[in-house]
Amino acid sequence: MPFTISGKKQGGVEEQCKRRTILTTTHCFPYVKKRIAVMYQHHTDLSPIEVAIDEMSKKVAEIQQLCSSSEVDMIRLQLKLQGSISVQVNAGPLAYARAFLDDASAKKNPDNKACGHGLGINERLIKEDQQEYHDEMKASYRDLAKELSIIMHEQINPVEDGMKSVHPDSLQIFNAISGTPTSATIHGIPSSSSVV
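Every residue gets a number counted from 1 within its own chain, in the order that chain's sequence is written. Local features in this predicted model are restricted to residues of pLDDT 70 or higher, and side-chain atom pairs are both shown and tallied only at a pLDDT of 80 or more, whereas totals for entire chains, interfaces and linings draw on every residue. Only hydrogens and water are set aside; all other atoms, that is, all heavy atoms of the structure, feed into the side-chain values.

- Going by the annotation in an unreviewed UniProt entry, the name recorded for the protein is Dedicator of cytokinesis protein 9, with Liparis tanakae given as the source organism.
- UniProt positions are given in the numbering used here, feature names are shortened, and annotations may be inferred rather than shown by experiment. Of the protein, the UniProt comment under Sequence similarities (unreviewed entry) reads exactly: "Belongs to the DOCK family."

Structure (structure tokens):
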């Protein structure tokens, strides 16, 4: 359930909190009865930075799952890319970067460009009639990288095919937000929780 400290239900990304409620029931789902008694409930309040981490982690996991599928669902991939790359998205990567990544909080972590990797897969799979749409997404991706370069005070080079070598300090935004360490490398790209 979303809330803010000021009492409003919704706010900007820098003030948006979330209350997560976990219900423990007497029986497992599904159950033969229509209702299951709740034994107890536990509430966890997420701070604005934790909400950002939670949201970006979900986006990264969704894009990585779509990219690693043996048969890529192009419609879903394009929708996820559009929601992650677009500069107009209210609570997307750029909004979180503006709200939480200043000089004091930026960390130097290896990166993974899930959006760039997704764009590379999309480019290989699209038909001619989708080229214009793909080109618009690539332009949005470049705009996103340019804005992030300004916010983070470093040159960020977008990797659109997901396979090129990149500067090791570039696009660390969501690793910096989440503090997630880098794990194994997939197709030459370190796996972590960054979206760009």
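1. Some details on the pattern of salt bridges
Next up, step 1: Each reported salt bridge corresponds to a side-chain nitrogen of Lys or Arg within 4 Å of a carboxyl oxygen of Asp or Glu. Under the definition given, this model contains 8 salt bridges.
Next up, step 2: Between Asp54 and Lys58 there is a salt bridge whose closest N-O contact spans 3.6 Å. Of this pair, Asp54 and Lys58 both sit in helix H1 (residues 48-68), separated by 4 residues, roughly a single helical turn.
Next up, step 3: For every residue, the accessible area (1.4 Å probe, protein chains only) is compared with the maximum for its type, and the residue is labelled buried under 20%, exposed over 50%, or partly exposed between those bounds. According to the relative accessible area criterion, Asp54 is buried, its value standing at 17%. By definition, any uninterrupted DSSP run of H or I lasting at least four residues is a helix, any uninterrupted run of E lasting at least two residues is a strand, and each is numbered from the N terminus.

2. Here's the deal with the sheet that holds strand S2 (residues 16-25)
Next up, step 1: Should DSSP find at least two bridges between two strands, the strands are taken to pair. Taken in spatial order, the 3 strands line up as S1-S2-S3 in an open sheet, and their pairing is antiparallel. Each having just a single partner strand, strand S1 (2-4) and strand S3 (38-46) make up the two edges of the open sheet. The mean angle between the axes of side-by-side strands here comes to 30°, regardless of whether they run parallel or antiparallel.
Next up, step 2: Where S1 meets S2, 3 bridges bridge the pair, whose relative direction is antiparallel. Across the sheet, the residue bridging to Pro2 is Lys18, located in S2.
Next up, step 3: What makes two residues a contact is simply this: any of their non-hydrogen atoms within 4.5 Å. For helices, the fitted line uses only the C-alpha atoms of the stretch in contact; every axis is such a line through C-alpha atoms, and the angle between N-to-C directions lies from 0 to 180 degrees. Along the sheet, H1 contacts S2 and S3; its crossing angle with S2, the most-contacted strand, is approximately 70°.

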